[in-house]
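# Observations on the three-dimensional arrangement
Residues per chain, in single letters:
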Amino acid sequence: MTILTRLEQWKERGIISSEQHAHLAGLSRREPFSLALELNVLLYAGVLAFVAGLGWTISTWSQQLGDVLVLTLLSAMLAACFWYCFSRAPAWSPAEAPSPSLVFDYVIYFGSLIWSVELAYLENRFHLLSGQWDLYLLATAGLFFFLAYRFDNRFVLSLALSSLAGWFGLTISHWPSHQDAAYRQYAILYSLVVGVAGALLQHFGLKRHLFGTYLNIAANVLFWALLSGVFQREGYLVWLLALLGACGGSLVWGLSRRQFSFVAYAAIYGYVGFSSILIRDMHSETAVLSYFVVTGVAMLVLLVLIARRFGREA
Amino acid sequence: MRAYSASSEEALRTRNLLKDWVGEGFLAEPQYQRMEQETVCELRRTNIFLRLVLFLFTLIIEGAAVALFFVVFLSRPAVQTTGIFLLIFAAISYVAAELAVSRAHLYRYGIEEALAACSVGFLCAGIQAALFGGRSYSPSPSGAEFLVPAAGAIASLWMWRRFGFPYAFLAAMIFILWMPGYWTLTHSAQHLIVASLYAAALITAVTVRSRHR
């Protein structure tokens, strides 16, 4: 039975009105035909390709073009992007705000990337802050956080969180005795700071829908940091316990909130960490391959049970 | 030709549309509940994240099981022997994908997708090893080795037609990219051949589609 036949029946039985029937029948016939996904993918890819091409052109031709032309061009693009966004954006609201147009989100994303290119060019050419990239990253993170919250933009929020992560990393690299352990501890600190900040912003009702972005980034950084501890030859037990604890937390969070990306993190990071310890002293190919077959089947069964119990699609 | 019945796929499409419409406010929740109850679908689906993880673990199991077979039962086999066994594993993998769909009613569940993907991979590796021995991959205009990407393209198209995996069509297009490398060394000629093959496929698709409108 086709959807049109079903709609006809539902109309005859009074489940939907004639107006609803006419509207839904049109939608099911794909009238109008939606190109939203294709346009979004093209816009996103277009912005990335354009900025990559711009960066490449500037790095190759900056001598011939001259600093004045390059900076004028970049500043003009930056000003145009910000003018467009500030003039078109609706009044700020702490709740989720719909984008005023299809291209709006991509214009602010484009502007943010142009800002990064211009800043990199300025520092490379004029050494304004004597190579102190961490200060640039911190200032950029601040700007991107402002833009992300002003214009309700997940792309720019991801850039802000990445810049903040870069600042953490570069700050540690300036220390006299930076080691893997220091990076690991600060990666954990970063994930905690990001997670707590996201939770606080959600608690105070500031763009609650952006909490997922914070949580996903914090979870991935935390898992990578814990995994790097598990991969050590010595003193890995504490990290393994921490990893298992984080996996348990991620699993419970994912199942209770029906956010299955966290179930996936728990399964993959947990499996990688646990397997790395179990197979590191196995020297027989047969044992290693048997391990993957047996544990793979066990994981598959567990995941199918989870999928049937919690993750069934309507 | 489709592994899924038209009624099942239509019911699935209806459920998806109902979900979209209630999300967009075109239907009230009580209307949605009532309509959804009448569009029962036997196919088992899961969400995208579990689907990806199920795909990954199925790949791990299958890869490890095949490698284990070679380690345990065949010590230093000839390349042709390896190729023949890989072709057998491709067949087993494909049958398993069919069974996962027909018996377990899996639909975009990750497991049947990984089995189908493995069958294409084993098929290509098997043909390469069985027919062309241990020669490493080296595109040259003299060889009949274009059969490897050709088989991959045909198998991918079959998966697309049979199971409806959209990415299988993309895989077929990528396999086609490799084929002209076996016919000519000139890059311009290779690009021309690929463009001609894509254009021919596009014209065929448009013609077939217009007949079914």
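Quick caveat, the model's predicted, so the values are computed rather than measured. (Residues numbered from 1 in each chain as written. Chains lettered and ligands numbered in written order. Predicted model: local features only at pLDDT ≥ 70, side-chain atom pairs only at ≥ 80, totals over all residues.)

Moving on, we get to the overall build of chain B. Helix and strand counts for chain B come out as eight helices and zero strands. Helices (α) and strands (β) of chain B occur, in sequence order from the N terminus, as α-α-α-α-α-α-α-α. A compact globule built from 213 residues would reach a C-alpha radius of gyration of about 17 Å, whereas chain B, at 21 Å, exceeds it by more than 25%. Taken across its 213 residues, chain B has 34% of its residues classed as buried. Of all intrachain contacts in chain B linking residues separated by at least 6 positions in sequence, the fraction that spans at least 24 positions is 68%. (Helix = DSSP H or I, 4+ residues; strand = E, 2+ residues; numbered from the N terminus. Rg over C-alpha atoms; globule rule 2.2 N^0.38 Å. Buried ≥ 20, exposed ≤ 12 C-beta atoms within 10 Å, placed from the backbone. Contact = placed C-beta atoms within 7 Å.)

The next subject is the overall build of chain A. A count of helical and extended segments in chain A gives 12 helices and zero strands. The linear arrangement of helices and strands in chain A, starting from the amino end, is α-α-α-α-α-α-α-α-α-α-α-α. With the C-alpha coordinates aligned to their principal axes, the bounding extent of chain A is approximately 75 × 60 × 40 Å. Residues classed as buried in chain A amount to 28% of the 314 residues present. In chain A, the proportion of contacts linking residues at least 24 apart, taken out of those at least 6 apart, comes to 57%.

Val156(A), Leu303(A) and Leu50(B) are the most contacted members of the largest nonpolar core, which has 107 residues in total. The leading source of residues in this core is helix α5 (residues 111–132) of chain B, at 12 residues. In this structure Leu303(A) touches Ala267(A), Leu50(B), Val53(B), Leu54(B) and Phe57(B), once residues within four positions along its chain are discounted. Core analysis: the next-biggest nonpolar cluster, separate from the first, contains 10 residues, Leu7(A), Leu24(A), Leu27(B) and Met35(B) among them. (Core = buried A, V, L, I, M, F, W, Y, C linked by C-beta atoms within 7 Å.)

Time to look at the domain arrangement of chain A. Examined at the domain level, chain A breaks down into domain 1 (1–33) and domain 2 (35–177). For domain 1 of chain A versus domain 2 of chain A, the distance between C-alpha centres works out to 45 Å. (Domains from an automatic or database assignment.)

Here we take up α5(B). Residues and elements named next belong to chain B. Here α5 spans 31 Å end to end across 22 residues, near enough to the 32 Å set by a 1.5 Å rise per residue. Within α5, 17 of the 22 residues are buried, leaving the element largely enclosed by the surrounding structure. After α5 finishes, the residue glycine 133 shows a positive phi value of roughly 60°. (Expected span 1.5 Å × (residues − 1).)

Tallying the contact residues gives 34 residues for chain A and 31 residues for chain B. Top contributing element to the side of chain A that touches chain B by residue count: helix α12 (residues 285–309) of chain A, with 13 residues. Considering only residue class, the side of chain A that touches chain B consists of 21 nonpolar, nine polar and four charged. (Nonpolar A, V, L, I, M, F, W, Y, C, P; charged D, E, K, R; others polar.)

The subject of this paragraph is helix α7 (residues 166–178) of chain B. Residue and element names in this part refer to chain B. Listed as buried for α7 are Ala168, Ala172, Phe175 and Ile176. For α7, the angular spread of the buried residues around the axis is 100°, confining them to a single face. Along α7, the residues that are exposed and aim more than 90 degrees away from the buried face are Pro166, Tyr167, Leu170 and Ile174. (Arc of directions from axis to C-beta.)

As a further point, take the packing of helix α9 (residues 211–230) of chain A against helix α11 (residues 260–279) of chain A. Two numbers describe a pair of packed helices, the interaxial angle and the distance between the axes. Residue and element names in this part refer to chain A. Closest axis-to-axis distance for the α9/α11 pair is 10 Å, and the angle between their directions is 5°. Comparing the axis directions of α9 and α11 gives the class roughly parallel. In this structure, α9 contributes Asn216, Ala219, Phe223, Leu227 and Val230 to the contact, and α11 contributes Ser261, Phe262, Tyr265, Tyr269, Val272, Gly273, Ser276 and Ile277. Residue composition of the contact of α9 with α11, by class: nine nonpolar, four polar and no charged. (Axes fitted to C-alpha atoms, helices over the stretch in contact; angles between N-to-C directions. Parallel < 35°, antiparallel > 145°, perpendicular 65-115°, else oblique.)

Turning our attention to unusual backbone geometry. We note that Lys207(A) has phi near 45°; this positive angle belongs to a residue other than glycine. Summarising the element assignment, Lys207(A) is placed in the loop between α8 (180–203) and α9. Even without glycine at this site, His105(B) takes up a positive phi of about 55°. With respect to the element layout, His105(B) can be found in the loop between α4 (79–102) and α5. When the 16 C-beta atoms within 10 Å are taken as the criterion, His105(B) is described as partly exposed.

Mapped onto the secondary structure, Ala80(A) falls in helix α4 (residues 67–88). For the pair Ala80(A) and Gly111(A), spaced 31 residues apart in the sequence, the C-alpha separation amounts to 8.4 Å.

Quick look at the packing of helix α3 (residues 36–65) of chain A against helix α5 (residues 104–126) of chain A now. All names here are of chain A. One way to put it is that α3 packs onto α5 with a least axis distance of 10 Å and a crossing angle of 15°. It follows from the interaxial angle that α3 and α5 lie roughly parallel. Between α3 and α5 the crossing geometry is right-handed. Across from Leu43, Tyr44, Val47, Val51, Leu54, Gly55 and Ile58 in α3, the residues of α5 making contact are Tyr106, Tyr109, Phe110, Leu113, Ile114, Val117 and Tyr121. (Left-handed = near helix turned anticlockwise from the far one by under 90°.)

Topologically, Val40(B) is positioned in the loop between α2 (29–37) and α3 (48–73). By C-beta crowding, Val40(B) is classed as exposed, having 9 other C-beta atoms within 10 Å.

Residue and element names in this part refer to chain A. With respect to the helices and strands, glycine 169 occurs in helix α7 (residues 154–173). Take glycine 169: there are 16 C-beta atoms within 10 Å of it, and that puts it in the partly exposed class. Residues glycine 169 and phenylalanine 50, spaced 119 residues apart in sequence, show a C-alpha to C-alpha distance of 28 Å.

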